[in-house]
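# Per-entry structural report
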Amino acid sequence: MRILEQRFVQNFVKMADDGFQQGWHERNGGNLSYRLTRHQVEAVSDRLLDHAEWHDIGAAVPDLAGEFFLVTGTGKYFRNIIVDPEACIALIEIDDKGEKYRIRWGLADGGLPTSELPTHLLNHEVKKRVSGGKHRVIYHAHCTNVIALTYVMPLTDLVFTRELWEMATECPVVFPEGVGVVPWMVPGGREIGVATSKLMEEYNAVIWAHHGMFCSGEDFDSTFGLMHTIEKSAEILVKVKSMGGEKMQTIGTDDLRALAKGFNITLPEKFLYEK
Ligand code: 2HA
Ligand code: ZN
């Protein structure tokens, strides 16, 4: 079967286009990566290139040695992925030390994997460990309302989590662990990747101030759904703030405790402060 006919490739392409349709991927903004299962690697093995050179990852990810990832290409537009996936995305293999990668398929017109490869792989390494191998998707988007909020709210996990939880009843159920926040940093390198992956030990969503958000999940649907839910919540918060900002009523601390009980979820005590 051709690589483009594989179900995981089609789901990757659909998710990228879903994000574009949401308006989160202007120009070449955003990136997406997926860690293949052993079975998926075997299914494509006779279609892979063998002569590609090894490149430095720019970070060490020893726990990802030998893994394969489907990734978006640097400078490629999400808008074009559905039109010409083979030119916009790549299948890469990590070497046996977790320090280098090589392209095994894709980027047919040339190019390299996403400029945020260090952050993607550092996040994958943490998430693979803390989820017992279940998490396979890392998604970075420039979601408008989340970015807007990073100009007017303190850049803390405590404030962002609590304010976003309050904006829709489903939010604490969808991201009970909360969201992390990284202050403004230069993107594209190891340093911001390390800061993000530290927060990924605890959270499935990490906001980059004045830039966007990273989400992690087991599959394409749940990872896209997490980004979508948080951005929708941020949109409501932007509207509330734009209407004068004063809440006449809200989902309060006791309501959050009742929600946790009703839905059998644990909300970390640090977020249940009295306001
Ligand atoms: O251009 O989103 O963070 C891709 C990006 C960099
Ligand atoms: Zn970005």
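Below you will find a few notes about this structure. Just so it is clear, the model here is predicted, and its values are computed rather than measured.

Cut-offs applied
Residues numbered from 1 in each chain as written. Chains lettered and ligands numbered in written order. Predicted model: local features only at pLDDT ≥ 70, side-chain atom pairs only at ≥ 80, totals over all residues. Heavy atoms only, no water. Phe/Tyr/Trp six-rings, centres within 6.5 Å; stacked < 30°, edge-to-face > 60°. Helix = DSSP H or I, 4+ residues; strand = E, 2+ residues; numbered from the N terminus. Buried < 20%, exposed > 50% of the residue type's maximum accessible area, 1.4 Å probe, protein only. Donors = N, O, S within 2.8 Å, 3.2 Å for Na, K, Ca; no water. Pairing = 2+ DSSP bridges. Contact = heavy atoms within 4.5 Å. Axes fitted to C-alpha atoms, helices over the stretch in contact; angles between N-to-C directions. Core = buried A, V, L, I, M, F, W, Y, C linked by side-chain atoms within 4.5 Å. Polar contact = N/O pair within 3.5 Å; in protein donor to acceptor, adjacent residues only side chain to side chain. Parallel < 35°, antiparallel > 145°, perpendicular 65-115°, else oblique. Left-handed = near helix turned anticlockwise from the far one by under 90°. Nonpolar A, V, L, I, M, F, W, Y, C, P; charged D, E, K, R; others polar.

## A few points about the packing of aromatic side chains
- By the definition in use, this model includes 7 aromatic pairs.
- Measuring from centroid to centroid gives 5.0 Å for Tyr-34 and Phe-220, while their planes differ by 35 degrees, and the two rings are tilted. Placement of the pair is Tyr-34 in strand β1 (residues 31-35) and Phe-220 in helix α10 (residues 220-242), with a sequence separation of 186 residues. When sorted by exposure, Tyr-34 lands in the same class as Phe-220, which is buried.

## Comments concerning the coordination of the zinc ion (ligand 2)
- Taken together, the protein ligands of the zinc ion (ligand 2) are His-140 (NE2), His-142 (NE2) and His-211 (NE2), with distances of 2.0 to 2.1 Å.
- Every donor residue of the zinc ion (ligand 2) comes from the same chain, spaced as H-x1-H-x68-H. Of the two residues, His-142 sits in the loop between β6 (137-141) and α6 (144-149) while His-211 sits in the loop between β8 (205-208) and β9 (212-217), which places them 69 residues apart along the sequence.

## A look at the sheet that holds strand β4 (residues 89-94)
- Read across the open sheet, the 9 strands follow the order β2-β5-β4-β3-β1-β6-β9-β8-β7; overall the sheet is mixed. The strands lining the two open edges of the sheet, one partner per strand, are β2 (55-56) and β7 (180-182).
- With 3 bridges joining them, β1 and strand β3 (residues 68-72) adopt antiparallel strand pairing. Across the sheet, residue Tyr-34 finds its bridge partner in β3, namely Leu-70.
- Strands β1, β3, β4 and β6 of the sheet are contacted by helix α1 (residues 7-21), whose axis makes an angle of about 155 degrees with β1.
- Most of the contacts of α10 go to β9, to which it runs at about 145 degrees, and overall it touches β1, β6, β8 and β9.

## Here we look at the nonpolar core
- Leu-70, Ile-89, Tyr-139, Leu-164, Met-213 and Ile-230 are the most contacted members of the largest nonpolar core, which totals 67 residues.
- When residues of this core are assigned to their parent elements, the largest contribution, 8 residues, is made by α10.
- With residues up to four places along the chain from it excluded, the contact list for Ile-230 reads Val-146, Leu-164, Phe-175, Val-179, Ala-205 and Met-213.
- Counting residues in each nonpolar core, the second largest holds 15 residues, with Ile-57, Ala-59, Phe-69 and Ala-90 among its members.

## A few points about the side chain of Thr-119
- Position of Thr-119 relative to the elements: it lies in helix α5 (residues 117-130).
- On the basis of relative accessibility, which here comes to 0%, the residue Thr-119 falls in the buried class.
- One polar contact links the side chain of Thr-119 to the main-chain amide nitrogen of Gly-193, over a distance of 3.4 Å.
- For Thr-119, the residues in contact, after removing those within four places along its chain, are Gly-189, Ile-192, Gly-193, Thr-196, Trp-208 and Phe-214.

## As for the packing of α5 against helix α9 (residues 190-200)
- Close contact between α5 and α9 brings their axes to 8 Å; oriented N to C, the two are set at 25 degrees. The angle between the axes of α5 and α9 places the two elements in the roughly parallel class. As for the relative orientation of α5 and α9, their crossing is right-handed in sense. For the pair α5 and α9, contact is made by Pro-118, Thr-119, Leu-122, Asn-123, Val-126, Lys-127 and Val-130 and by Arg-190, Ile-192, Gly-193, Val-194, Thr-196, Ser-197 and Met-200, respectively.
- Looking at the contact of α5 with α9 residue by residue, the class counts come to 7 nonpolar, 5 polar and 2 charged.

## Description of the environment of Arg-2
- Structurally, the position occupied by Arg-2 is in the segment before α1.
- Sequence-wise, Arg-2 and His-120 are 118 residues apart; in three dimensions their C-alpha atoms are separated by 26 Å.

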